[in-house]
Amino acid sequence: MRRVNELFTALLYGDQPAGWDIAGRKEVIRELKRDQFETYRAKHYVAPKTVVVVAGAFDEKKVLAQIKKTFGELKKLPAPKKPKTMEKQSRPELSVKFKESDQSHLVLGVRAFDVFDKRRHALQVLADVLGGGMSSRLFHKVREELGAAYYVRAESDLTLDHGFMAIGAGVDHLKIEVVIKAILEEMKRLAKELVPASELQKSKDHLIGNFILGLEGSDELASYYGGQEIITKKVAVPEEVIKKVKAVKAEEIRAIAKSLFVDKSLNLAVIGPYKDSESFKRILRF
């Protein structure tokens, strides 16, 4: 379930940071030396790249003094610039890894846009309509009607200079092609039809509810505000995000689906007992 997501990002971005495994390959890890860790730490763990976030019941004066004492000696060296993520795709792409597993795992998705794009909230709602929970279209179609998946979900992942929207599923080996076709059909339907008002409202309520529940603890609050400060350098309070989600229109969702759900942007990663990928290539189109 986890590994197939790494295959998917490698398929999208290849041999560059966005396409690399987070932990790194074992061949590389085995060759790492102490001086390499020290050089990396000295270069990247510098004041301009450091954000300290505190959330909870605390004495601001005392906490600021502690932060200054603990982090005040960080080197004020210039922060290294992030290399731009390169994107290039002109046809559907496929990655299949053979494994004798109990079920097949797949991620099917498309390239999207970065986290600064004004359409990001509409894309979130689109993903929720598609596979955001037990009331979503794919849950009903793939799990309830077809009885073909153990899990199915959709989500958007947007970052500094790239992003994607993807559907992940764990499916019966014998039904994997049926599931892929069903996912593509539901994606295509979003590009043709407006999401009914009641369904749209249900997805917004689901998104907002999970968002609010996810901010109940101090650690989640710290992560929420700190993540924004690090990535966008602009902090939106929860009320702002909720307002933008509520404002998403069905027309915006259809427009995004039309723009993103095209053959040349399709990517499919699969892990399962498959030595031949030709059958997947034939069905990987809208």
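Described below are features of the structure shown in this document. (Residues numbered from 1 in each chain as written. Predicted model: local features only at pLDDT ≥ 70, side-chain atom pairs only at ≥ 80, totals over all residues. Heavy atoms only, no water.)

## Here we look at the overall build of the chain
To be explicit about the condition: The helix and strand labels rest on DSSP assignments: H or I over at least four residues marks a helix, E over at least two residues marks a strand, and numbering proceeds from the N terminus. Partly exposed describes any residue whose relative accessible area lies between the buried limit of under 20% and the exposed limit of over 50%, with all areas from a 1.4 Å probe on protein chains only and scaled to the type maximum. In short, Shrake-Rupley with a 1.4 Å probe defines the accessible areas, and a residue's cover is counted only from the protein chains shown. For the purpose of counting charges, residues Lys and Arg are taken to be positive, whereas Asp and Glu are taken to be negative. His and the chain ends are not included. Positions of charges follow a simple convention, taking NZ of Lys, CZ of Arg, CG of Asp or CD of Glu.
Assigned secondary structure in the chain consists of 12 helices and five strands. Overall, the C-alpha framework of the chain stretches about 60 × 50 × 35 Å when taken along its three principal axes. In the chain, which comprises 286 residues, the share counted as buried stands at 38%. When the accessible surface of the chain is totalled, it reaches about 17,600 Å², and 54% of it is carbon and sulfur. Counting 51 positive and 40 negative side-chain charges, the chain places the centres of these two groups 4 Å from one another.

## A word on the packing of aromatic side chains
For clarity, the threshold we go by: Planes of paired rings set the category: under 30 degrees apart is stacked, over 60 is edge-to-face and the rest tilted, where pairs are Phe, Tyr or Trp rings (Trp by its six-membered ring) whose centres lie within 6.5 Å. Charge-over-ring placement is defined geometrically: NZ (Lys) or CZ (Arg) within 6 Å of the ring centre, and within 35 degrees of the ring normal.
According to the stated counting rule, one finds five aromatic pairs in the structure shown. Grouping aromatic residues by their ring pairs yields a cluster made of Phe-211, Tyr-224 and Tyr-225. The side chain of Lys-275 reaches across the aromatic face of Phe-98, ending 5.1 Å from its centre.

## Observations regarding the sheet that holds strand β3 (residues 149-158)
Selection rule: The rule for pairing is simple: two strands pair if DSSP sees at least two bridges between them. Each axis is a line fitted through C-alpha atoms, taken for helices only over the stretch in contact, and angles between the N-to-C directions span 0 to 180 degrees. Note on contacts: a residue pair qualifies if any of its non-hydrogen atoms lie within 4.5 Å across the two residues.
The strand order across the open sheet built from five strands is β1-β5-β2-β4-β3, with neighbouring strands paired in mixed fashion. Each end of this open sheet is capped by a strand with a single partner; those strands are β1 (93-98) and β3. With strand direction ignored, the average angle separating the axes of adjacent strands in the sheet is 10°. Sheet contacts for helix α1 (residues 3-13): β1, β2 (104-111), β4 (163-171) and β5 (266-272); angle to β5, the most-contacted strand, approximately 145°.

## Some thoughts on the environment of Ala-42
Residue placement: Ala-42 occurs in helix α3 (residues 34-44). In sequence terms Ala-42 and Leu-194 are 152 residues apart; their C-alpha atoms lie 52 Å from each other.

## Considering the pattern of salt bridges
Heads up, the rule is: Salt bridge, as used here: a side-chain nitrogen of Lys or Arg that lies within 4 Å of a carboxyl oxygen of Asp or Glu.
Enumeration according to the criterion identifies 16 salt bridges in this entry. Among the ionic pairs, Glu-144 bridges to Arg-143, the shortest N-O distance being 4.0 Å. One salt-bridge network, in which partners are shared between bridges, spans Arg-2, Arg-3, Glu-6 and Asp-21.

## Some points on the nonpolar core
How we decide: The nonpolar core is taken to be a set of buried Ala, Val, Leu, Ile, Met, Phe, Trp, Tyr and Cys residues, with the residues joined through side-chain atoms within 4.5 Å.
Counting 57 residues, the largest nonpolar core has Leu-106, Leu-108, Met-165 and Met-187 as its most contacted members. No other element matches the nine residues that helix α7 (residues 176-192) contributes to this core. If sequence neighbours within four positions are ignored, Leu-106 has contacts with Val-4, Ile-167, Gly-168, Ala-169, Val-171, Ile-176, Val-179, Ile-180, Ile-183, Leu-268, Ala-269 and Val-270.

## Observations regarding the environment of Ala-166
Assignment of secondary structure puts Ala-166 in strand β4. For the pair Ala-166 and Ala-127, spaced 39 residues apart in sequence, the C-alpha to C-alpha distance is 8.2 Å.

## A look at unusual backbone geometry
Its identity is not glycine, yet Lys-233 carries a phi of approximately 60°, on the positive side. Mapped onto the elements, Lys-233 comes out in the loop between α9 (218-231) and α10 (238-246). In this structure Lys-233 comes out as exposed when scored by relative accessible area, which is 62%.

## Comments concerning a nonpolar patch on the surface
As a reminder of what qualifies: Here the term patch refers to residues with relative accessible area over 30% and no salt bridge, with like charges joined within 9 Å and nonpolar side chains (Val, Leu, Ile, Met, Phe, Trp, Tyr) within 5 Å.
A grouping of Val-51, Val-53, Phe-116, Leu-160, Ile-230 and Ile-231 is seen on the molecular surface, where their side chains present a nonpolar patch of about 470 Å² in accessible area. Looking at the element boundaries, Ile-230 is found in helix α9.

## Thoughts on the packing of helix α6 (residues 137-145) against α7
The test is simple: The scheme is simple: roughly parallel for angles under 35 degrees, roughly antiparallel for over 145, roughly perpendicular for 65 to 115, oblique for anything else. Helix crossings are classified by the rotation of the near helix relative to the far one: an anticlockwise turn of less than a right angle makes the crossing left-handed, while a clockwise turn makes it right-handed. All amino acids are sorted into three groups, where Ala, Val, Leu, Ile, Met, Phe, Trp, Tyr, Cys and Pro are nonpolar, Asp, Glu, Lys and Arg are charged, and the leftover types, Gly among them, are polar.
Their axes nearest at 10 Å, the elements α6 and α7 cross at an angle of 155°. With respect to their mutual orientation, α6 and α7 come out roughly antiparallel. The two elements α6 and α7 cross, and the hand of that crossing is right-handed. On α7, the residues touching Arg-137, Leu-138, Lys-141 and Val-142 of α6 are Val-179, Ala-182, Ile-183, Glu-186, Arg-189 and Leu-190. When the residues that make up the contact of α6 with α7 are grouped by side-chain class, the tally is six nonpolar, no polar and four charged.

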